[in-house]
Amino acid sequence: MMIGRRIFILQKRSFTSVRRFLCPYTSQAPNPNPSPAQGSASFRSAGSRSSILHFNVPYIAVNRSFFSSHAVADLPVGGIVDVPLAQTGEGIAECELLKWFVQEGDQIEEFQPICEVQSDKATIEITSRYKGKVAQILYVPGDIVKVGETLLKIVVEEAQVSTYVLENPTPTQEGLKNIKPCDSELTKNDICGVLSTPAVRNLAKQHGVDLNDVKGTGKDGRILKEDVLQYAFQKGSIKDPSASLTSASRRQFLGGEEDHPHPSGEVLGSYEDKTVPLRGFQRTMVKSMSMAAKVPHFHYVDEINCDALVELKSSFQNTNSDPDVKHTFLPTLIKSLSMALSKYPLMNSCFNEELLEVILKGSHNIGIAMATPSGLVVPNIKNVQSLSILEITKELSRLQLLALDNKLNPADICGGTLTLSNIGAIGGKFGSPLLNLPEVSIIAIGRIQKVPQFTDDGNIYPASIMTVNIGADHRVLDGATVARFCGEWKQFIEKPELLMLHMK
Amino acid sequence: MGNPGKIGVPMMNLVRLKGVPILQQLHLEERLLRTSSHNWCIINDATNQPTIVMGVSGKPAELLEIESVLCDQIPVVRRFTGGGTVLVDPGTIFVTFICNKDAVAGVQPYPQPIMSWSGALYNKVFQGIGDFHLRENDYVFGDRKFGGNAQSITKNRWIHHTSFLWDYEFRNMAYLKLPARVPEYRLARGHLEFICRMKDYLSRSVFIDRTIEAAKTHFSVRSTDLEAIETTANTKFCPSTRLLTMQELEAAAKFASQSKVSLTQSFSL
């Protein structure tokens with residue numbers, strides 16, 4: 001029994017899921033410097049080369065394995081590190097600060113306990129990821145601290161590389177050594193005060209580039225991979241930056257940037273084996289995908305004629321007088337999805353394996369996978385059943401902007417009941433998505449492509465066709481239910497006027 | 001730190017107590033958590049007198065009917081673990097696990113994994129006896145709670161302790177207020193519809209024996225007695241678990257009645 005003031009559990013989840021996303025978004029280099037609350041993820045896809053991908057939609061932050069009792073910090077700039085309250089358990093968005101073990105001015109060691117917090121039934125000691133001096137304490141005992149908010153600021157020593165996002169508890173010393181720079185040039189780049197990720201610094205090192213000489217085109221003057229490659233090309237270090245860029249950006253789209261550089265052969269010019277320890281979201285993804293793999297999935301694939309949808313979108317755009325609103329296909333797809341869910345609530349449910357219970361969720365909180373500079377996130381639009389298409393458009397835009405800025409709230413990321421994965425943004429015909437547990441269904445939609453179709457009398461006409469792949473938990477859903485649900489959804493997309501029949 | 005006993009299975013010291021005051025039990029637990037490097041299972045079959053035990057940041061004014069508590073002189077303890085408020089008495093059985101963070105394979109030292117692990121352990125205990133589940137953070141038969149949990153997680157160790165409602169007295173309910181936050185599965189049920197007695201399912205000795213057997217599936221369990229622990233105790237250790245003073249409770253009572261007054265006044269404006 002908890003006091004309301006202290007705890008706020010948003011939603012309990014039985015499983016973690018980290019998934020791959022897709023969204024028509026971003027060509028920016030991801031920033032592997034996410035704040036835990038947004039659960040940015042940088043992680044990779046399983047099969048990056050084939051056109052049929054094994055889809056893992058990324059999803060973060062408020063999930064079970066996504067927690068740490070190590071206060072994870074932002075990339076140090078000028079030596080001061082903001083140390084946020086890391087996720088300490090699934091569904092937990094806030095903790096009460098109970099006491100500090102340190103005070104301003106104290107010298108602290110790595111892994112030293114710095115404070116104690118309480119979340120629900122547990123008191124938890126939070127340890128420091130860094131060695132340094134406590135510069136500023138931002139909360140007092142009794143305060144409620146949201147996950148992701150800065151607890152304290154530490155002056156870190158030079159050459160400490162902030163590379164972890166959220167990860168397993170207590171990284172070993174060895175693990176840390178793998179990431180620490182072991183080269184004086186890289187150290188120089190670390191402490192020069194330029195904004196750049198470890199991957200970019202490593203790339204700079206490979207090309208003999210001093211980051212101080214490179215002009216950053218990213219946010220806040222951040223130096224991106226492209227900036228380094230461009231500079232190196234101009235310097236004559238590499239022949240063709242666009243080839244490297246293509247492979248780099250392809251990797252970004254496919255899996256996001258990670259703490260460790262994954263240079264392609266053409267950039268490195270070396271063919272040696274490289275061991276990459278899995279950290280942060282990638283490590284969590286190993287666990288969550290393993291758990292998702294235990295769920296018997298089946299996939300249902302269908303094609304949807306989007307001619308009417310294309311026309312509808314044009315109509316919305318042409319009559320749009322609000323410069324802040326940009327109409328895309330997604331909101332209509334989302335609203336029609338919700339309409340179909342009303343008829344097939346089992347698709348919008350959560351499965352509790354322990355109790356052998358299915359919870360039919362009342363709200364349609366549709367998660368939309370997005371790419372952000374920090375990686376992949378799946379924020380969800382709450383209560384789609386009660387929103388108009390215009391409201392969905394605005395909410396989607398709000399979430400996208402927050403995601404890009406790495407400012408999503410835990411509330412935006414928790415509580416999803418079904419996930420929509422827009423693989424079409426990247427390419428390929430369709431994906432084979434894995435469930436975002438404990439949801440029981442996930443929908444991957446491919447690109448709308450103009451293809452020839454035949455009329456009954458053998459004439460050819462063009463049609464805009466979108467392929468969808470619905471992944472479903474076969475313990476809860478059967479083929480017939482999913483097929484009927486898909487048919488219902490398809491009807492609303494192919495004949496949007498039917499939405500008016502259900503308009504209230 | 002793993003104390004391997006049988007090959008690959010860590011050692012666990014079992015301490016069986018009977019009727020030990022809850023404050024003494026909590027002091028022992030806190031000391032073992034913070035100063036020992038071994039794994040422990042403590043079972044206290046009943047406590048000597050009715051005592052209210054609040055979680056680490058419990059506020060008496062919000063949680064207790066302080067006037068009744070003061071009138072009947074019920075001791076109030078604030079423990080070192082999180083969680084809610086319970087009234088414990090001779091009808092309560094306590095089971096505590098204190099482990100090193102790597103002691104249980106596959107269980108990460110965080111609230112939910114530990115809670116799940118404990119649910120699986122007690123599943124074995126109650127196999128064939130009742131419709132046992134871990135529901136949110138409670139142990140239930142069907143949808144009625146009979147066990148409440150609390151935890152504390154330190155850098156290298158964790159404690160998960162449970163108070164089991166083997167039997168209860170109806171009149172003791174009167175000392176506790178309905179908490180502001182209740183688990184979802186409680187729905188709108190009153191206290192008596194929400195809880196159940198473990199004695200309706202099995203005897204104390206069967207429960208304790210089965211719990212020890214279940215612990216043996218994860219650990220190599222060996223019995224230790226209290227005296228052995230006390231003699232090797234770290235006398236410098238000062239537990240944070242404590243009895244609230246009369247003054248603190250009276251101040252809380254005053255605060256509670258002042259809040260009531262100002263609330264009434266604001267409504268009447």
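These numbers were taken from a predicted model, which means no experiment stands behind them.

Take the overall build of chain A next. Looking only at helices and strands, one finds 13 helices and 21 strands in chain A. For chain A, the proportion of its 504 residues judged to be buried stands at 58%. Counting contacts in chain A only where the partners sit at least 6 residues apart, residues at least 24 apart contribute 68% of the total. For chain A, the accessible area works out to roughly 20100 Å², and carbon and sulfur atoms hold 51% of it.

Residue and element names in this part refer to chain A. In the contact formed by helix α9 (residues 330-343) and helix α10 (residues 389-404), the axes pass within 9 Å of each other and the chain directions differ by 120°. The angle between the axes of α9 and α10 places the two elements in the oblique class. Regarding α9 and α10, the two cross each other, and that crossing is right-handed. In this structure, α9 contributes Leu330, Pro331, Thr332, Ile334 and Lys335 to the contact, and α10 contributes Ile389, Ile392, Thr393 and Leu396.

All names here are of chain B. Read across the sheet, four strands follow the order β5-β3-β4-β12 without closing on themselves; strand pairing throughout is mixed. Across the chains shown, the open sheet's two edge strands, defined by having one partner strand only, are β5 (86-88) and β12 (242-243). By the bridge criterion, three bridges tie strand β3 (residues 51-54) to strand β4 (residues 76-78) in an arrangement that is parallel. Note on β4: the bridge partner recorded for Ile52 is Val76. Strands in contact with helix α1 (residues 22-35) are β3, β4, β5 and β12; relative to β3, the strand with the most contacts, it is inclined by about 30°.

We now examine the nonpolar core. One finds Phe97, Tyr122, Phe126, Phe164, Met198 and Phe207 of chain B to be the most contacted residues of the largest nonpolar core, which totals 61 residues. The dominant element in this core, judged by the number of residues it contributes, is helix α4 (residues 111-125) of chain B, at six residues. In this structure, Leu309, Ile368, Met370 and Val377 of chain A belong to the second largest nonpolar core, which totals 42 residues.

Moving on: the packing of aromatic side chains. Residue and element names in this part refer to chain B. All chains considered together, the criterion is met by 19 aromatic pairs over all chains. Their ring planes at 25° and their centres at 3.9 Å tell us that Phe141 and Tyr201 sit as a pair that is stacked. Here Tyr201 lies in the loop between α5 (191-194) and α6 (204-216) and Phe141 lies in strand β8 (residues 138-141), a separation of 60 residues in the sequence. On the basis of relative accessible area, Tyr201 is assigned to the partly exposed category, the value being 34%. Cluster of aromatic residues (ring-pair linked, three or more members): Tyr122, Phe126, Phe132, Tyr139, Phe141, Phe146, Phe164, Tyr201 and Phe207. The ring of Tyr168 carries Arg197 above its face, with NZ or CZ at 4.0 Å from the centroid.

Right, let's get into the packing of α4 of chain B against α6 of chain B. All names here are of chain B. Where α4 contacts α6, the two axes come as close as 8 Å, and the packing angle between them is 125°. When the axes of α4 and α6 are compared, the pair comes out oblique. As for the relative orientation of α4 and α6, their crossing is right-handed in sense. Judged by residue contacts, Leu121, Tyr122, Lys124 and Val125 of α4 engage Phe207, Arg210, Thr211, Ala214 and Ala215 from α6.

This paragraph deals with the pattern of salt bridges. Inspection of the entire model under this criterion finds 21 salt bridges over all chains. Note that Arg398 of chain A and Asp412 of chain A form a salt bridge whose closest N and O atoms lie 3.0 Å from each other. Residue Arg398 of chain A is found in helix α10, and its partner Asp412 of chain A is found in helix α11 (residues 410-413); the two are separated by 14 residues along the sequence. Using a relative accessible area of 34% as the deciding quantity, one classes Arg398 of chain A as partly exposed. Ionic pairing is found between Arg16 of chain B and Asp209 of chain B, a salt bridge with its closest N-O pair at 3.9 Å. Here the residue Arg16 of chain B occupies a position in strand β1 (residues 11-18), and Asp209 of chain B occupies one in helix α6, the gap between them amounting to 193 residues. Among the residues examined, Arg16 of chain B registers a relative accessible area of 46% and is labelled partly exposed.

Take the side chain of Glu116 of chain A next. Its location among the elements puts Glu116 of chain A in strand β6 (residues 113-119). On the accessibility criterion, Glu116 of chain A (3% relative accessible area) is buried. When neighbours within four sequence positions are excluded, Glu116 of chain A is seen to be in contact with Glu96, Leu97, Leu98, Lys99, Phe101, Thr123, Ile124 and Glu125 of chain A together with Arg34 and Ser152 of chain B.

What follows concerns the sheet that holds strand β21 (residues 460-473) of chain A. Residue and element names in this part refer to chain A. Taken together, six strands build an open sheet; the order of strands is β11-β21-β20-β18-β14-β17 and the sheet is mixed. Looking along the sheet, the strands with just one partner apiece sit at the ends: β11 (297-305) and β17 (380-381). Judged from the 12 bridges that link them, strand β20 (residues 441-454) and β21 form a sheet pairing that is antiparallel. For Gln453, the partnering residue across the bridge sits in β21 and is Tyr461. Here helix α12 (residues 479-494) sits on the sheet in contact with β11, β18 (418-421), β20 and β21, set at roughly 20° to β11.

Let us now look at the environment of Leu23 of chain B. All names here are of chain B. Following the sequence through the fold, Leu23 ends up in helix α1. Under the relative-accessibility criterion, Leu23 is labelled partly exposed at 22%. In the structure, Leu23 is positioned 220 residues away from Leu243 in sequence and 7.5 Å away in space, judged by C-alpha atoms. If we skip the residues at most four places from it in the chain, Leu23 touches Val77, Thr241, Arg242 and Leu243.

Residue and element names in this part refer to chain A. Taking every second residue as pointing to the same face, both faces of strand β12 (residues 349-352) are buried, with Ser349 and Phe351 on one and Cys350 and Asn352 on the other. Across four bridges, the pairing between β12 and strand β13 (residues 357-360) is antiparallel. Following the sheet pairing, Ser349 is matched in β13 by Leu360.

A few words now on α1 of chain B. Two residues of an α-helix separated by three or four positions point the same way, owing to the 3.6 residues in each turn. Along its 14 residues, α1 of chain B runs 20 Å from first to last C-alpha, staying within 8% of the 20 Å computed at 1.5 Å per residue. Buried within α1 of chain B are the following residues: Ile22, Gln25, Leu26, Leu28, Glu29, Glu30, Arg31, Leu32 and Leu33 of chain B.

Definitions and cut-offs
- Residues numbered from 1 in each chain as written.
- Chains lettered and ligands numbered in written order.
- Predicted model: local features only at pLDDT ≥ 70, side-chain atom pairs only at ≥ 80, totals over all residues.
- Heavy atoms only, no water.
- Helix = DSSP H or I, 4+ residues; strand = E, 2+ residues; numbered from the N terminus.
- Buried < 20%, exposed > 50% of the residue type's maximum accessible area, 1.4 Å probe, protein only.
- Contact = heavy atoms within 4.5 Å.
- Areas by Shrake-Rupley, 256 points an atom, 1.4 Å probe, with all protein chains shown as cover.
- Axes fitted to C-alpha atoms, helices over the stretch in contact; angles between N-to-C directions.
- Parallel < 35°, antiparallel > 145°, perpendicular 65-115°, else oblique.
- Left-handed = near helix turned anticlockwise from the far one by under 90°.
- Pairing = 2+ DSSP bridges.
- Core = buried A, V, L, I, M, F, W, Y, C linked by side-chain atoms within 4.5 Å.
- Phe/Tyr/Trp six-rings, centres within 6.5 Å; stacked < 30°, edge-to-face > 60°.
- Lys NZ or Arg CZ within 6 Å of the ring centre and 35° of its normal.
- Salt bridge = Lys/Arg side-chain N within 4 Å of Asp/Glu carboxyl O.
- Expected span 1.5 Å × (residues − 1).

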